[in-house]
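Given next are the chains, with one letter for each unit.
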Number of protein chains: 2
Amino acid sequence: MVQPERFLRDLERLRQFGAAGVGKGVIRPAYSEADVAARKWLVEQIAEAGLHAEVDALGNVFGLADGSSLLIGSHTDSQPQGGWLDGAFGVMAGLEVARAAKEASGPPISVVSFQDEEGRFGVLTGSTVWAGRMSMAQADALTDHQGVTLGQARQAMADMVTGEVSADRFTGYIEPHIEQGPVLDVAGEAVGIVTDIVGIRDMNITFNGQQNHAGTTPMGLRRDAFQALSAFNEALNDRLRNVVTPQTVWTIGHVDVTPNASSIVPGQVRFSMQWRDGDADRLARMEQIIREAAAEIAEARGVETHASDMLGIDPVPMDAGLRTRLERAAEQVVSGRWRRLPSGALHDASNVAQLMPVAMLFVASINGISHAFEEDTSDADLVAGLQTLAAAVQ
Amino acid sequence: MVQPERFLRDLERLRQFGAAGVGKGVIRPAYSEADVAARKWLVEQIAEAGLHAEVDALGNVFGLADGSSLLIGSHTDSQPQGGWLDGAFGVMAGLEVARAAKEASGPPISVVSFQDEEGRFGVLTGSTVWAGRMSMAQADALTDHQGVTLGQARQAMADMVTGEVSADRFTGYIEPHIEQGPVLDVAGEAVGIVTDIVGIRDMNITFNGQQNHAGTTPMGLRRDAFQALSAFNEALNDRLRNVVTPQTVWTIGHVDVTPNASSIVPGQVRFSMQWRDGDADRLARMEQIIREAAAEIAEARGVETHASDMLGIDPVPMDAGLRTRLERAAEQVVSGRWRRLPSGALHDASNVAQLMPVAMLFVASINGISHAFEEDTSDADLVAGLQTLAAAVQ
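For every chain, the first residue of its written sequence is number 1, and the numbers climb from 1 along that sequence. Key to labels: chains lettered from A, ligands numbered from 1, both in the order written. Only residues with pLDDT of at least 70 are given local features in this predicted model, and only at 80 or more are side-chain atom pairs given and counted; all residues enter the totals for whole chains, interfaces and linings. Side-chain numbers here rest on the full set of heavy atoms in the structure, without hydrogens or water.

### Focus: the overall build of chain A
Just so we agree on the cut-off: Every helix listed is a DSSP run of H or I at least four residues long, and every strand listed is a run of E at least two residues long, numbered separately from the N terminus. Buried residues are those whose accessible area, probed at 1.4 Å on protein chains only, stays under 20% of the maximum for their type, while exposed residues exceed 50% and partly exposed ones sit between those limits. It only takes one pair of heavy atoms within 4.5 Å for two residues to be counted as in contact. The Shrake-Rupley method, run with a 1.4 Å probe, gives the accessible areas here. Residue values count only the displayed protein chains as cover. The charged-residue count follows a simple rule in which Lys and Arg add positive charge and Asp and Glu add negative charge, with His and chain termini not counted at all. Charged side chains are reduced to one point each, which is NZ for Lys, CZ for Arg, CG for Asp and CD for Glu.
The helix and strand tally for chain A stands at 12 helices and 17 strands. Referenced to the eigenvectors of the C-alpha coordinate spread, the extents of chain A come out at roughly 80 × 50 × 40 Å. The 394 residues of chain A split such that 59% are buried. In chain A, the proportion of contacts linking residues at least 24 apart, taken out of those at least 6 apart, comes to 78%. Within the structure as shown, chain A displays about 14,800 Å² of accessible surface, and the carbon and sulfur contribution to it stands at 48%. Where the 31 positive side-chain charges of chain A centre and where its 51 negative ones centre are 2 Å apart.

### Brief notes about the relation of the copies chain A and chain B
For the record, the criterion: Copies are brought into register by a least-squares superposition over C-alpha atoms of residues with pLDDT of at least 70 in both.
With an RMSD of 0.2 Å, the fit of chain A onto chain B corresponds to turning through 180° and sliding 0.1 Å along the axis. What the superposition gives is, in effect, a two-fold axis relating one chain to the other. Identified as the residue of chain A closest to the rotation axis by C-alpha distance is S230(A), at 2.5 Å. The fraction of interface residues of chain A whose copies in chain B are also interface residues reaches 100%, indicating that both copies meet through the same surface.

### Quick word on the packing of helix α1 (residues 4–16) of chain B against helix α12 (residues 379–393) of chain B
Residues and elements named next belong to chain B. We apply this condition: In this analysis an axis means a line fitted to C-alpha atoms, helices contributing only their contacting stretch, and an angle means the value between N-to-C directions, from 0 to 180 degrees. Throughout, a crossing is termed right-handed when the near helix is turned clockwise from the far one, and left-handed when it is turned anticlockwise from it by less than a right angle. Residues are grouped as follows: Ala, Val, Leu, Ile, Met, Phe, Trp, Tyr, Cys and Pro are nonpolar; Asp, Glu, Lys and Arg are charged; every other residue, Gly included, is polar.
In the contact formed by α1 and α12, the axes pass within 10 Å of each other and the chain directions differ by 115°. Seen from above, α1 lies across α12 with right-handed handedness. In this structure, α1 uses P4, F7, L8 and L11 to contact α12, whose residues at the interface are D379, L382, V383, L386 and Q387. Split by residue class, the contact of α1 with α12 holds seven nonpolar, one polar and one charged.

### A closer look at the interface of chain A and chain B
Rules: Two parts placed together each lose some accessible area under a 1.4 Å probe, and adding up what both lose gives the buried area. Think of a salt bridge as a Lys or Arg side-chain nitrogen and an Asp or Glu carboxyl oxygen that are within 4 Å of each other. Think of a polar contact as two N or O atoms within 3.5 Å of one another; within protein, one of them needs to be a possible hydrogen donor and the other a possible acceptor, and neighboring residues in sequence only count if both atoms come from side chains.
Each partner contributes residues to the interface: chain A has 46 residues there, and chain B has 46 residues. Buried area between chain A and chain B, both sides added, is near 3,800 Å², and the carbon and sulfur share of it is 54%. Inspection of the region where chain A meets chain B yields zero salt bridges. Here chain A is connected to chain B by 25 residue pairs in polar contact (both at pLDDT 80 or more). Among the elements of the structure, α7 (183–187), α8 (225–240), β9 (249–251), β10 (255–258), β11 (264–265) and β12 (268–277) of chain A are those that each provide at least two residues to the side of chain A that touches chain B. Top element by residues in the side of chain A that touches chain B is α8(A). It accounts for eight residues. Residues of the side of chain A that touches chain B, tallied by class, amount to 20 nonpolar, 20 polar and six charged.

As structure tokens, this is what we get:
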């Protein structure tokens, strides 16, 4: 049987590594002193639980059950200014479930903390290398914002490395995680079972008009790049309505106006256009609508438009078998207080899905806040997540 | 009789002071070596024309006819990277008309080049002080972007100063100027007679929404500050349509999105809202519409809105008598190729209007370009402007 108090105590102990001193926040980026200390502590907990600890060259920490096992985990590194549960919840829940299974001689469960999920060096770096999507040599050449290479940074863990861990020993992967969004909290629900990790499309669009004096250029003779952006945005919101689901999102988050002066009609605007959905076909339909709207607005307003290369991450559907087990368990543990939902954020599970069946379980984020010191979840919901997980793996 | 070739030759000579070496551009900001040299040359031309040169403490250069006279002029300082005609056309046209009047013993005409019209230290600094809207002590304390005070800068002209010039000796002021906009050029017209110098209202508006993760925050739960700006802009364009004239302009030229990242729903947007019109009542009605639209959009979208203090410069109508003389002259000189139009840009005439009747005459700007090295006007249109001015003051 999982022990909620032991699990909450472990979460609290993990929080002390890199505690920010502001609320419950932590500062524990990959390979920092706090991160390495936390991973050493995790290795000790794994050993105490009677599991076999392995640390691979990149710094992914595994706690292995004997023989073939189900893997549960997430990551223990944090954002530069992060919350105490992002990643940590999944690793500590995995540890508790694996430990309890060992104690009860139940089905074998292993635990993992992937390294650099938060992308000091890349995107989901540890699971990307473990899943064979990038070589160790390529990863070593990645640099952080200060110009430090990953190859240099991982020397901080060199004495901990024991060897590589084959994916073949795992029958599947479950990643418990905080939602990092407001859906469960707004609905008063405790647990979410993830249907898919959404795909992302991201590009920059430019409108080039004509920079002019804001006093001497009549409205009818203007080719105002900001006005083109505004008209594009309204047209797009209108046209997407027939295509999207309530789970689809699209965002203009970055806007650069040139020359950006109150007395000058904007000559250029460059902005980010990002959209996410669980269905690759819908992502493609949205792309078509975006490109058409930009071209039509540009034509109508005498400006030129240009789109950058598009960044794309494909949607990852969760494994139906694992997902069904989690859904049944949720209905047992928090009857009526759970739902199916997509993950709008990326997770290590996206990479692990290349190797084995994967699923994810969410717990509610208070006010939907994450990647901030204020990030939190009630103890009751943390424990509901743990117990749902435990029930699913019985 | 004015001599077009002498006038064009003088314009060309003036252009040599601070010639940028790029097209016809000039670099002649107030009190720079090139500006002081140009003003010394102007004093010589005034003397040669048989007029009486006076230079006041701020550096405004006057060429005075005896007794009561009409004043014509503009400024000879330039933008840091300026065109050869902005200001220069008005001063050289004034010099030629005054010189020709003197030669012909016609009605007495004086000429002026105001100092720092381009605002190295303020806005229309020389005419502001001359019109008594700012004391010399206040002006001396103004600083440029390098931290130099006007009091220090004007020492470069200290040996030229002869004394103050009373406005009482002038019966009126005509400022010839390039249009600095595209209206005359687009219409194929040579000359514009200004109806009024428009008033300006300028403020910054902020929308404060909720910064969120662009993947995990459903559209329905967002309070996206950029979306509020876009909706405000569209609503405003729609509502202003019933209030404005073809001469009214409004501009969102400066936009700051926070945190301005492609994966984050914008939490704040701060933008400039500027509008110009010749009618103070219309400016006030527009202000009301702007404030109402911002409040309604904010309310509808669950964001907060705040407006900064508003900067206001009131419209200045041109004197009916002087304006009629210019209109009749334009119809003589360029029949059918002139129009009435407002000045969307500020000019020294705004200040001088506090003291005496003022009027303005525009010549076409090729492609509407000004405040740039490319600024230009055809010789034919420059001469048409000179001859219209000469005919008007007969």
